[in-house]
Structure formats: structure tokens, C-alpha cells
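Commentary on secondary and tertiary structure
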Amino acid sequence: MGRRLTAGFCATVMCCCLTLFTSGALQAAENSRQSATTTDLEDKFYRQALYFYFAGDYGAALRQISLNRQRKGIDSDRSQLFEAGLQVAIGLHDQATQTLIRFEQNQANTTLHTSKTTSSASPGELLLIALLQLSEQQIDQGDIETAKLTLARITTLLPSYVEQYHVLSQLAYWPETPPLSAQVQQKSLTDETQPADSAAAYIALNQALLHMQQQEYDKAQPILVELKEQQWQPPEVNFWQRLFNPFAQPEIVDDNDELLPEVKDALLQQQAINDYAKLLLAQLYVTNKQYDLAYNELADFPEQSPYAESALFLFAYSAQQQQQFDMSFNLLTLLQQQYPYSNLAWQAALLTAKQVSEQQSLAQGLTLYQQAEQLYLQKMAEIKAFAETVSTINNVTDFATQSEAQQTTALTPKSDALALILTERFNTDAPWLKKALNDPQLVTDYHTLLNLDLLANNVQKQQANSQWLKSTLALNAQRQAKVIEQQKKLAYKELINNLNTQKQRIATIIEQAQAQQDAQVFADPNQQQWLNRINDSQNTLNRLAGQRNTDDEQQRLDRIKGVLQWQLQSTFPQRLWQHKQSLKQLTEQLTLLELQASRFSDLSNNPRLLADFEARQQQTQLDITAMQSNIGALRDKTDRDIRGKLSIFTQQQQYTLQQLLLTTRHQMASVLEQMSQADKRSNPIAPSIEPTSQGVR
């Protein structure tokens, strides 16, 4: 039972005591931002990545960080740490490790060059946060040895991170004592950072549990007594809040007089600490056969506690040892009803039958033994059927249900391209699988399957995009060939020459009109015909001038010429503007035609213009195929690992049930023997008397 409680405790620790990496990194980065020399442009792009992060689009935030480094050369300490946090958040642990290694190297170089001139600890704090979070992820994934190496890289601790470092070290080295080789920096006089009470309590709980496993009960008892009475304390108001508001109080409730979410979470953590301390203390009393103390300790244990099952069994057992048989019988019966698949409930069936056979009657006890026998046989049949289902099912997730986890809106992924963060948790209605999922490694394997499925869906989307790109390239190649064929029919050189001739003619007309201010250059054909007739008439009159009087004809010709000149001069500005517009349009057409001719020349001289894109698409397709193969192979391996662990689980359950069944049958035989002996004592058999010859008449 101790091992099982330890696993539950470790899960509670992982869920409750550790902080979110990216938020911690952001806070530390913002604290160090004032001392770092950054440009406005760098800060702008960094905050753009922060915007995507707080909007819940982790993929866009990671892409923004990458673009900042590739295009803008922005690769600051906070950007590297932020990038590592995002990579950890979306499961890119290898990339996060490489980012952290690069970050650590940069910090080492920075420390080497600035150790003589600065004492700022902000870069060291950023690195500390990174190493702590990386070790947490490695522990959560079951990579304990790597987590030990990561923790060993921590040489200096800030006071505010001591508790987290201790908890992670205990989890990594359990059940051995962690080395805790990191040195804690001295707290400055102005540092008012309060210790994390919950983290310190988890450290104490781990220490007490270690003492119990080493049978050092006198060392574990005072720790547990103190922890079970520990109360949650609201955060203290710091110096600056008291300075500007002497009546400042810690914020516990919101505007609607409801507890703040962080306060509710802190209260739940404190209640879990109290409950687990009480349970361990009761287990200590039972181990020392102090059943009265264990009974009193568990009398007011919360019914809704996650440790209620173990507490109920210890409470019933203590009551039985205290000879409170009615209470024990009711508690053991309640345990069997509420937890039908629990090992403790199976043991409770034996304890109930033994108690009834000893305290009430052998017949009633025999009946309960028979019921326990039927229970074990039924469970053995169920676990056998479950094992057959596991061995024959195509996918170990087929008989499970998947539902979306309860997450805040801020952490919901909103990337339009890919779902980078797993938002589903593994649930099932199969009772035996629920029990098997108490194993953290099995839960990790199922989580790995869900991550692989998410990755497979993303790769499938990339496969669809690659196919679309391939089709697009094929269509572009067809269009390119068609365009080349069509453009060959066009005489671009002749068209360009004609347009140049027209352009030159119009430009000459405009230049002449502006220089001479002569409106005749804009005469239309009809007006030009009139001008020609006037010139011819004037020439005729000039020849007739010496022969006769031509004054009347000259006056009429001058009047006609004046009217025509007036018409041309009145439309001169308009026609000049029209010619300029025509020249402008002709120039634009000529530019477009030359551009089109140049593009056609490129197409003609380079018919394989899309070859590079096609090669990249083919390489991408090969990468996608290889990735799909790797994902499939890894999923098959994980599936086999899960089946193997489920096989071991079913064998263990069958062995436990067989042992309980064997014990039950031994007890039944003992009860039957006692009943037989009791019948012999209550109904003695008279000795038989053989007849003699004297008695016969």
C-alpha cells in the first residue's frame, strides 16, 4: 500500500507544486529587461511573440521567435528562454534541450566577459528556471537519469527556487536521499520573497515517507503531526504595498465576494497536504499497533478526499482491532460497495468473513466466505476477458473514450495551421483499464499515443498541403507550356517598333505644338483638307494678282482662313491635353509590352523555371513519408509497450485474486472443520451393543 500511496503522492506533487515554465520565464525576463540593452525594434518583435503567446497561439509565437532570429538577428537571452519554454509546451523536448544548451553556452560566455564588472543574477535566474523546468519535464516523462543530470547542472540556487529544487530532487532520486549539491545564494536585505509553503510541505511529506520506509517512525511522527495541523496562510502584503497603503490587505476574493481561482487552488493543495499527512500518521500508528490512535486520527477524515479509499480501509481495520465490530463491519461493507475493483475492497471481503465467523456464527461466516469466493471467481473471469480483449483489439485506445480537458481559454490553441498542443486527456469506461491507469508510466504511454496521433494528424495535413503544391506545380507547368506556345505567335519586336514609331510621332507633334503654339498641328482630316484648299487658293490668287484685281477673293479667303484658325485655336488646349494623355497611355502600353516580352523571353530561355520548386516539393514529400513511417513505428512500439504493461497488470491482478481465493478456501475449510467439530460435541453417538446368545430367547 505504501508504494501505491507514493505513486499517488508523486502525481499530486507534479500537478500541484510546480510552476508554469513560460510564465516564470516571462516574469524573470521582464525583471531583467530593464538592465539589458535592447533596441526598440527588438522589443517590438519580442512583444509580438508575447502577444501570440497570451492569445493562446503557441505555434504563431514560436514562428515569430524564429523569424525574429532569422530575419532580424534578434537572439537575446529572453528570446532563447522563451523559445525553449514554447518548445517544451508543445512537446518539442529535443529542440528545447538544444535551445537551452545554446542558452547556457551564451550565459557562460557572458559570465566570462562580465564577471569582473557586473554582479547581476538575472541571466543566472533565467538559466535556473530553464533547468528546473527541463528536469520537471524529464521526470514527468519517466526519464529519471536524464533528470538527474539536468539537476546536477544547477550549481547556484536563488532562495525563491529552493523548494522547487528540493521537490524535483526528491522525485528524481526516490527512494534514495538526493545529494542537493547546489549552493543557495544569500538573501539580500531588500529581498522579501516569501517561501512557498506548499512546496516546503511537500518536501516535509516526502521526508516523512522516507523515514517510514526506513522504519524510523520516531522521526516521521513529529513531521506528520505538524503537517496535519498546518493551515493555509494568505500571501503577505509586501513593503511597497504597505508604504503606499497602510491598510492594504491580501486579495482573496473577487468583486463578487468569491474566492479567487489561485486561492481555491491553494486551499485544495493545503487540504491535500493535511489529508495525506493524516493518512500517513494513521498508517504509522497501525504499523506500531497503536490502533486506538489510528482510529481517532481517521474518525473525521474527509469523505471526498482523494485518499478516502485507503483511509476507509485503515479506519475499518483499526475499528476491528479495537473490537468495534459493528462499526468495522459497516465500514468494510461500504468499502466493498464503493470500490469494487480495489485490492483493499477484496481484502475487506476476507476481513468481514473472518470477523463474522469469529464474532457471530460459523454458518454466517461460511456464507460470507462463499460470497468472497464467488467475488474472486467473478473478478478473475472479468480480468481474463479484459486480457483477451487487450490481446485481440486492433488499437489499445479503441475501447477508451477521449474527452477534451478542462482548460482555460487562454491556453486553448488557436493556430489555423496545426494543433500544436494536446488538449485531450485519456479517459475510459473500462474499470480494469481505469485501475491500470493508476500506473504513471502507463498514463505516460497513453499520453504519448495521443501526442503521436496529434502529430500524425499534423503530418497528414502537411501531406495534403504537399499534394496540393504538387498539383499546383503541375498546373503551372501546363500553363507555362501553353503560354510559351501562345506567345510564340505574337511578333513582339514588330509590335514594339510600331508603338515606338507612334510614340515618337505623337511626341514630335506635342513638342512642335508647344514650341510654335501652332494649333494647325492638331487639325483633323477635314480641317486639314480645308487648310490645304486655302493654301491652294492662296497660291492661285498670288498668280492672278498681276493680271487682275483679286481683292474681293482675297478678303473672302482671309475670312475663311480666320474662321478656321479661330476654330483650331479654341480647341488647342483640349487637343494638346488629349495628345499628352495618348502619349502617356502609349508609353504605359509599351512598358507592359516590353515587360511581357521579357517574361516570355525568360520562359522561352528557361522552360524548367519550376524545377527548383518541384525538387523542394519532392524532398518535402520524402520527408513527410519518412516522418509518417517513423510515427507509425513509434506508435506500434508504444502500443506494444502498453500491451506488455497491461499484460503484466492482468497477471498481477490474477495472482492477487488467486492468492485471495486460496486464502478464502483455506478459511472455508477451517470453518467447516470447526462446524464439524461443534456438531460432534453437540450430538454424541451412542456405542453399539452386539447381541449375545443369552439375550436371545
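Residues numbered from 1 in each chain as written. Predicted model: local features only at pLDDT ≥ 70, side-chain atom pairs only at ≥ 80, totals over all residues. Heavy atoms only, no water.

Looking only at helices and strands, the protein chain has 25 helices and 4 strands in total. Burial analysis of the protein chain (697 residues in total) assigns 37% to the buried set. The contacts in the protein chain between residues at least 6 apart in sequence include a share of 71% that link residues at least 24 apart. Looking at the protein chain as shown, the accessible area adds up to about 41900 Å², and 51% of this sits on carbon and sulfur atoms. (Helix = DSSP H or I, 4+ residues; strand = E, 2+ residues; numbered from the N terminus. Buried < 20%, exposed > 50% of the residue type's maximum accessible area, 1.4 Å probe, protein only. Contact = heavy atoms within 4.5 Å. Areas by Shrake-Rupley, 256 points an atom, 1.4 Å probe, with all protein chains shown as cover.)

Packing of helix 15 (residues 308-321) against helix 16 (residues 325-338) leaves a shortest axis separation of 8 Å and a crossing angle of 155°. In terms of orientation, helix 15 and helix 16 fall into the roughly antiparallel class. In the crossing of helix 15 with helix 16, the sense of the turn from one axis to the other is left-handed. Within the contact between the two elements, helix 15 uses E309, L312, F313, F315, A316, A319 and Q320 and helix 16 uses F325, M327, S328, L331, L332, L334 and L335. The residue inventory of the contact of helix 15 with helix 16, partitioned by class, reads 11 nonpolar, 2 polar and 1 charged. (Axes fitted to C-alpha atoms, helices over the stretch in contact; angles between N-to-C directions. Parallel < 35°, antiparallel > 145°, perpendicular 65-115°, else oblique. Left-handed = near helix turned anticlockwise from the far one by under 90°. Nonpolar A, V, L, I, M, F, W, Y, C, P; charged D, E, K, R; others polar.)

Now for helix 15. If you check helix 15, its first and last C-alpha atoms are 20 Å apart, about what 14 residues at 1.5 Å a residue would give, namely 20 Å. The buried fraction of helix 15 is high, at 12 of 14 residues. Residues of helix 15 that are buried include every one of A308, E309, S310, A311, L312, F313, L314, F315, A316, S318, A319 and Q320, and no others. Two residues or fewer after helix 15 comes Q323, characterised by a positive phi angle close to 65°. (Expected span 1.5 Å × (residues − 1).)

Generally speaking, a soluble globular protein has its nonpolar side chains buried in company with each other. Residues I154, L205 and L224 are the most contacted members of the largest nonpolar core, which totals 67 residues. Residue contributions to this core peak at 10 residues, all from helix 13 (residues 261-287). Setting aside residues up to four positions removed in sequence, I154 forms contacts with L128, L131, L132, Y165 and A182. The next biggest cluster of nonpolar side chains, apart from the first, holds 34 residues, and it includes L350, M380, F426 and A430. (Core = buried A, V, L, I, M, F, W, Y, C linked by side-chain atoms within 4.5 Å.)

Looking at where A201 falls in the secondary structure, it is placed in helix 10 (residues 197-213). On the accessibility criterion, A201 (2% relative accessible area) is buried. For the pair A201 and Q230, spaced 29 residues apart in sequence, the C-alpha separation works out to 8.9 Å. Those residues in contact with A201 that lie beyond four places of it in its chain are L227, Q230 and I273.

With that settled, consider the pattern of salt bridges. Where charged atoms from two side chains of opposite charge approach closely, those side chains can pair. This structure, assessed with the given rule, holds 11 salt bridges. Between D445 and K645 there is a salt bridge, with the nearest N and O atoms lying 2.5 Å from each other. Here K645 lies in helix 25 (residues 611-682) and D445 lies in helix 20 (residues 440-488), a separation of 200 residues in the sequence. Note that D641 and K637 form a salt bridge whose closest N and O atoms lie 3.2 Å from each other. In this pair, D641 and K637 both sit in helix 25, 4 residues apart, roughly one turn of the helix. (Salt bridge = Lys/Arg side-chain N within 4 Å of Asp/Glu carboxyl O.)

Now for the side chain of N395. By secondary structure assignment, the location of N395 is in the loop between helix 18 (362-392) and strand 3 (401-404). For N395, a relative accessible area of 18% puts it in the buried group. Polar contacts involving the side chain of N395 include one to the side chain of T397, which spans 3.0 Å. Non-local contacts of N395, meaning those with residues more than four positions away in its chain, are made with R635, D639 and R643. (Polar contact = N/O pair within 3.5 Å; in protein donor to acceptor, adjacent residues only side chain to side chain.)

Once that is clear, we can look at helix 16. Between the first and last C-alpha of helix 16 there are 20 Å, a value that for 14 residues agrees with the 20 Å anticipated at 1.5 Å per step. When we look at burial in helix 16, the residues that qualify are S328, L331, L332 and L335. With its buried residues spanning 100° around the axis, helix 16 presents them on a single face. Exposed residues on helix 16 whose side chains face more than 90 degrees from its buried face are D326 and Q337. (Arc of directions from axis to C-beta.)

A few words on unusual backbone geometry. Residue P175 follows W174 across a cis peptide bond; omega there is 5°. At L180, a position not held by glycine, the phi torsion is positive, near 50°.

Within the fold, K148 resides in helix 8 (residues 144-152). For the pair K148 and Q138, spaced 10 residues apart in the sequence, the C-alpha separation amounts to 9.2 Å. Discounting residues that sit within four places of it in the chain, K148 has contacts with A172 and Y173.

Another point: the side chain of T650. You can see T650 is positioned in helix 25. In this structure, T650 is in contact with I383, F386 and A387, ignoring residues within four places of it in sequence.

To continue, consider the packing of aromatic side chains. The description of two aromatic rings rests on the distance between their centres and on the angle between their planes. Taken as a whole, this structure holds 9 aromatic pairs when the rule is applied. A ring pair is formed by Y53 and F54, whose centres lie 5.0 Å apart and whose planes are at 70°; its orientation type is edge-to-face. Both rings, one in W346 and one in W432, keep their centres 6.0 Å apart while their planes meet at 50°; by these two values the pair is tilted. Linking W346 in helix 17 (residues 343-359) with W432 in helix 19 (residues 431-436), this pair joins segments that are 86 residues apart in sequence. (Phe/Tyr/Trp six-rings, centres within 6.5 Å; stacked < 30°, edge-to-face > 60°.)

What follows deals with the environment of G85. In this structure, G85 sits in helix 5 (residues 77-89). Judged by its relative accessible area of 2%, G85 is buried. Sequence spacing of G85 and A96 is 11 residues, and the spatial spacing of their C-alpha atoms is 7.3 Å.

Turning our eyes to something else, we now look at the packing of helix 17 against helix 18. Between helix 17 and helix 18, the least distance of the axes is 7 Å, while the angle of their chain directions is 165°. Classed by the angle they form, the pair helix 17 and helix 18 counts as roughly antiparallel. Helix-helix and strand crossings are classified by hand; for helix 17 and helix 18 the assignment is left-handed. Of the residues in helix 18, those in contact with W346, A349, L350, T352, A353, K354, V356 and S357 of helix 17 are L362, Q364, G365, L368, Y369, A372, L375, Y376 and K379.

Chain-level pLDDT for the protein chain is 76 on average; 74% of the residues reach the 70-or-more range. Here helix 1 (residues 2-16) is the element of the protein chain with the lowest mean pLDDT, 37, and helix 18 is the one with the highest, 92. Per-residue pLDDT stays below 50 along residues 1-38; that stretch engages in 79 contacts with residues further than four places along the chain or on separate chains. Low pLDDT (under 50) marks residues 404-416, which in the prediction has 22 contacts with non-local residues, meaning those over four places away or in another chain. (pLDDT = per-residue confidence, 0-100.)

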